[in-house]
Amino acid sequence: MTHNNYEGCDLKGTILRLERSSIYDGDGYRTVVFMKGCPLRCQWCSTPESQNYIIEEAEGNRYGKIMTVEEVLREVRKDIPFYFHSGGGMTVSGGELLSQPEYVRCLLTRARWEAIDTAVETSLYGSWETAEPILQASNTVFADLKLTDDEKHRKYCGVSNKLILENLKKAGTIKADYKLIIRTPLIPGINDTEAELESIGRFCAQLTNLQYVQLLPYHRLGSDTYRRLGRPYPLKDLRSPSAEHMDWCRNIIGKYVKALV
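Residue numbering note: each chain is counted from 1, following its sequence as written. The predicted origin of the model limits local features to residues at a pLDDT of at least 70 and limits the giving and counting of side-chain atom pairs to 80 or more, whereas totals for whole chains, interfaces and linings rest on all residues. Working from all heavy atoms in the structure, the side-chain values ignore hydrogens and water.

Looking at an unreviewed UniProt entry, the protein carries the name Glycyl-radical enzyme activating protein, with the source organism given as Ruminococcus gauvreauii. UniProt's Cofactor (unreviewed entry) comment on the protein is quoted here verbatim: "[4Fe-4S] cluster". UniProt positions are given in the numbering used here, feature names are shortened, and annotations may be inferred rather than shown by experiment.

This is how it looks when you write it as structure tokens:
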């Protein structure tokens, strides 16, 4: 069977890394393709090495490599037996995958043609014209909703959220074959106030395609990478929210959205 004569097979992209056997990035066992480059600068980012588009080196670590679509799929295909038995597949994450849209679209389209389940993890910060074909080539869409307050979003994520909210609304209300899951990282003192959680809940309630909302507790897993890259970690004084506080947050959003994890 030939794998080297389809649309986009020789397209080159900048990949941060491939991660095998993940159980947190979609159903079953996943092979996660982390793309490099992101226009957002979220202060709690757990993968700061994914932000810059260029390949970086620090303390003997090399962050990023150039790979064609076919080179990535060659690695993904090695895990097909695990997908078959677990209901898993390939997840494209970031960085922000909309920063390399044509590459990601070709990667997803070919994977689905080969009957590999596809999922994406995205902030949806990009034009709808580039986002929609990628969403339609995905079986599952994990979309971030960090803040509904635009001023706060600019302060803590570095960009306006207007485009993100517009795209989320379209992604959640158009006729689509993908499963839409909203992920909200709960950052103490930033988006875990009653007013912000109420606003997130009201926004999610209008998304007719929404499967569920997933609340993720803040963690500091990226702090050591910041150090290696010579960058200050912005939220060094924050601690992870308690289980009780997570339940309190769920109860507020749960007034608007019944499907919540």
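Additional details are given in the paragraphs that follow.
Caption draft 1: Highlighting the environment of Pro-48. Assignment of secondary structure puts Pro-48 in the loop between strand 2 (30-35) and strand 3 (56-58). Pro-48 gets classed as buried once you look at its relative accessible area, which sits at 0%. Note: C-alpha distance between Pro-48 and Arg-239 (191 residues apart in sequence) is 19 Å. Contacts between residues were defined by any pair of non-hydrogen atoms, one from each residue, lying within 4.5 Å. Once you skip the residues sitting within four places of it in the chain, Pro-48 turns out to touch Gly-222, Thr-225, Tyr-226, Leu-229 and Arg-231. Runs of E in the DSSP output that reach at least two residues are strands. Runs of H or I that reach at least four are helices, and both are numbered from the N terminus. We call a residue buried when its accessible area falls under 20% of the maximum for its residue type, exposed when it is over 50%, and partly exposed in between, using a 1.4 Å probe and counting protein chains only.

Caption draft 2: Up close: the sheet that holds strand 2. Paired strands, in this sense, are two strands between which DSSP finds at least two bridges. The eight strands lie next to each other as 5-1-2-6-7-8-9-10, forming an open sheet whose pairing is mixed. Looking at the sheet topology across the chains shown, the edges are occupied by strand 5 (65-68) and strand 10 (210-217). Neighbour-to-neighbour, the strand axes of the sheet open up by a mean angle of 30°, direction not taken into account. As paired strands, strand 7 (residues 117-122) and strand 8 (residues 140-144) are joined by four bridges and run parallel to one another. What sits directly across from Val-120, in strand 8, is Val-141. Strands strand 1 (12-22), strand 2, strand 5 and strand 6 (89-93) of the sheet are contacted by helix 1 (residues 69-77), whose axis makes an angle of about 85° with strand 5. Helix axes are fitted only over the stretch in contact, all axes being lines through C-alpha atoms; the angle between N-to-C directions runs from 0 to 180 degrees.

Caption draft 3: Focus on the side chain of Gln-51. Checked against the element boundaries, Gln-51 lands in the loop between strand 2 and strand 3. Here Arg-231 takes part through its side chain, which lies 3.1 Å from a polar atom of the side chain of Gln-51. Those residues in contact with Gln-51, other than ones at most four positions away along the chain, are Gly-37, Cys-38, Arg-41, Cys-42, Cys-45, Tyr-226 and Arg-231. Pairing of N or O atoms within 3.5 Å defines a polar contact, subject to two protein rules: one partner must be a possible hydrogen donor and the other a possible acceptor, and residues neighboring in sequence count only if both atoms are side-chain atoms.

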